[in-house]
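# Report on the structure
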Amino acid sequence: MSLKEDYQMPSSGDKEGTVYLGTPQGMYFQKQHRRPLPQTVIDNQNRTWTVEEGKGDKDERNFGLFENDELIAHFKIYSGAEASPDCPTDYWWTGKIQLLDRFHKEGIGTRLHDAIMNILQEPLASDLDQKIAGTNLWKRLIRQNPGKIVLLDASGNTTPVNYQNGSYQPNPWAVRNTRLVRLP
């Protein structure tokens, strides 16, 4: 099984690239820590997976999708207490989203984000330094959720982000030390 590495990229410019792929971290999902949740993810081929929560604590939560006993996707979030001092937030924020490459371009990342939002029922912020796929995920979320994505600056001010005439206004990737926040 081939796994692609993640790509370091502070800004995606105007191009959407590859989906973020990595090695899902199974250590958070040992059998004694796996807990199925009442949320499912359906991919572009109508395959369905139950979202499971793995080992975590008050400041970190781990969500995963399994095919049989193989972890195919991992989504880690952190509490606002763990957020970067450059752009603090009271919100949960996205750590890593990892996906096996054979599930690339199946809509799993975006739908897993949707499922996590349904579980949390709270705002979920991006990290500060997005990889290509993180940027692509947020671009899809902005287009699919008009009015539900805001830009959070280091001072705590928010500005709605919109997709109009082929561009994102304001451009969330033009300024450092900002986060995107998806509202419930």
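Because the structure is a prediction, the values reported are computed rather than measured.

Let us now look at the overall build of the protein. Secondary structure summary: the protein contains two helices and 11 strands in total. For the protein, the sequential pattern of α-helices and β-strands runs β-β-β-β-β-α-β-α-β-β-β-β-β. Out of the 184 residues in the protein, the part that is buried amounts to 47%. Pairs at least 24 residues apart make up 62% of the contacts formed inside the protein by residues separated by at least 6 positions.

Here the structure, examined in full by the defined rule, presents five aromatic pairs. The interplanar angle of 45° and the centroid separation of 4.7 Å between the aromatic rings of Y163 and Y168 together place this pair among those described as tilted. On the basis of relative accessibility, which here comes to 11%, the residue Y168 falls in the buried class. Ring geometry for Y168 and W173: centres 5.6 Å apart, planes at 90°, overall edge-to-face. Summarising the burial analysis for this pair, Y168 and W173 share the class buried. Taken together through their ring pairs, the aromatic side chains of Y163, Y168 and W173 make up a single cluster. The ring of F66 carries R34 above its face, with NZ or CZ at 3.6 Å from the centroid.

In this section: the nonpolar core. Counting 32 residues, the largest nonpolar core has V51 and L65 as its most contacted members. Those elements that provide at least two residues to this core are β1 (35-42), β2 (48-53), β3 (60-67), β4 (70-78), β5 (92-99), α1 (108-120), α2 (132-144) and β7 (149-153). Counting residues per element, this core draws most heavily on α1, at six residues. If sequence neighbours within four positions are ignored, L65 has contacts with V41, W49, T50, V51, E70, L71, I72, A73, I108 and L112. By size, the runner-up hydrophobic cluster in this structure holds six residues, among which are A83, W93, A125 and V150.

Here the focus is the pairing of β5. Counting buried positions along β5 yields seven of eight residues, so the element is predominantly enclosed. In this sheet, β5 lies alongside β4 in antiparallel orientation, the contact comprising five bridges. Within β5, the position partnered with A73 by the bridge is L99. Here β5 runs beside strand β6 (residues 124-125); their pairing, made up of two bridges, is parallel. Along β6, the bridge assignment pairs W92 with L124.

Our focus in this paragraph is the side chain of S79. Counting through the fold element by element, S79 comes out in the loop between β4 and β5. Excluding residues within four positions of it along the chain, S79 makes contact with K58, D59, Y91, W92 and W93.

This part is about the confidence of the model for the protein. On average, residues of the protein score 81 in pLDDT, and 84% of them are at 70 or above. Counting contacts from residues 1-21, a segment whose pLDDT is below 50, to residues more than four positions away or on other chains yields 57 contacts.

According to the stated counting rule, one finds 12 salt bridges in the structure shown. As a salt-bridge pair, D59 and K58 come within 3.1 Å of each other at their nearest N and O atoms. For D59, a relative accessible area of 17% puts it in the buried group. According to the relative accessible area criterion, K58 is exposed, its value standing at 68%. Measuring nitrogen to oxygen at the nearest pair gives 3.4 Å for the salt bridge that ties R102 to E67. Of this pair, R102 sits in the loop between β5 and α1 while E67 sits in strand β3, placing them 35 residues apart in sequence. In this structure E67 comes out as partly exposed when scored by relative accessible area, which is 28%. A single network of salt bridges, built from pairs that share partners, joins K31, R34, E52 and D69.

Conventions used here
- Residues numbered from 1 in each chain as written.
- Predicted model: local features only at pLDDT ≥ 70, side-chain atom pairs only at ≥ 80, totals over all residues.
- Heavy atoms only, no water.
- Helix = DSSP H or I, 4+ residues; strand = E, 2+ residues; numbered from the N terminus.
- Buried < 20%, exposed > 50% of the residue type's maximum accessible area, 1.4 Å probe, protein only.
- Contact = heavy atoms within 4.5 Å.
- Phe/Tyr/Trp six-rings, centres within 6.5 Å; stacked < 30°, edge-to-face > 60°.
- Lys NZ or Arg CZ within 6 Å of the ring centre and 35° of its normal.
- Core = buried A, V, L, I, M, F, W, Y, C linked by side-chain atoms within 4.5 Å.
- Pairing = 2+ DSSP bridges.
- pLDDT = per-residue confidence, 0-100.
- Salt bridge = Lys/Arg side-chain N within 4 Å of Asp/Glu carboxyl O.

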